[in-house]
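Summary of the model geometry
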Amino acid sequence: MSTTPDIETPEYVRDIAEIFPPQGGWTERDYFALPETNRLIELAHGQLRVVEMPTELHQRILRNLILLIGAYLKRRPLGQIWPAPLKIRLRPGLIREPDLVFFFKTNLRRVAQQVSGIPDLVVEIHSAGTRETDRVDKFREYAEAGIAEYWMVEPETETVEVYELRDGAYALRGAFRPGDTLTSGLLPGLDLPVAEVFAA
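Note that the structure is predicted; figures quoted are calculated from it, not measured.

**Focus: the packing of aromatic side chains**
All told, the structure shown has 8 aromatic pairs when counted by the stated rule. On the basis of an interplanar angle of 80° and a centroid distance of 4.9 Å, the ring pair of F102 and F104 is categorised as edge-to-face. Among the residues examined, F102 registers a relative accessible area of 1% and is labelled buried.

**Looking at the sheet that holds strand β8 (residues 149–154)**
Ordered in space as β3-β6-β7-β8-β9-β10, the 6 strands form an open sheet in which the pairing is mixed. The open sheet has two free edges, formed respectively by β3 (79–83) and β10 (169–176), since each of these has just one partner strand. Taken pair by pair, the neighbouring strands of this sheet meet at an average axis angle of 20°, ignoring direction. Here strand β7 (residues 121–125) runs beside β8; their pairing, made up of 5 bridges, is parallel. Bridging across to β8, V122 finds its partner in Y150. Sheet contacts for helix α3 (residues 56–75): β3, β6 (100–104), β7 and β8; angle to β3, the most-contacted strand, approximately 170°. Docked against the sheet, helix α4 (residues 131–145) engages β7, β8, β9 (159–166) and β10, running at close to 175° with respect to β8.

**Topic: the side chain of H58**
Within the secondary structure layout, H58 lies in helix α3. Residues within four places of H58 in sequence aside, it is in contact with D99 and I125.

Calculation criteria
- Residues numbered from 1 in each chain as written.
- Predicted model: local features only at pLDDT ≥ 70, side-chain atom pairs only at ≥ 80, totals over all residues.
- Heavy atoms only, no water.
- Phe/Tyr/Trp six-rings, centres within 6.5 Å; stacked < 30°, edge-to-face > 60°.
- Buried < 20%, exposed > 50% of the residue type's maximum accessible area, 1.4 Å probe, protein only.
- Pairing = 2+ DSSP bridges.
- Helix = DSSP H or I, 4+ residues; strand = E, 2+ residues; numbered from the N terminus.
- Axes fitted to C-alpha atoms, helices over the stretch in contact; angles between N-to-C directions.
- Contact = heavy atoms within 4.5 Å.

Here is the structure:
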């Protein structure tokens, strides 16, 4: 039984180089023609971006966020959350795979099998390889796409920064740490103990 080779193997890189365009020349058609892999791959500015594999710490934080936000949504069923992988088209030719997204019920039609539309809330959990992209590129891209709220989770300092979209740009609502209770302008009544986000 054949399996798809890992994207970092020389054979896979060679095959991509022969079949697909060079970096800078990728289109959505090329992107969606890629074979399935166990890696998260984004498309930005005509280039493929392979997202580094998450660590145990990253996945623990993600699990905690899903449980905490999920418990809130059981009390107040305003919409639904999804963890990666879920491809999000921010604009034609720009596809990202955030760590966690939320859609209000009225926007659930944006969720699709191949690629979904703009969510209402995006969460990115930083790592050494993603921190700069999360803080610079995605910070700008998510604002330009009109995503109402952007949370950045920093495992090293155990901080969750909540940004709200105001006049087309993100403004810091608060930087929350263990001992604080995170609140959201988007999700009324959400009182999220930050210590539980980073709990083992």
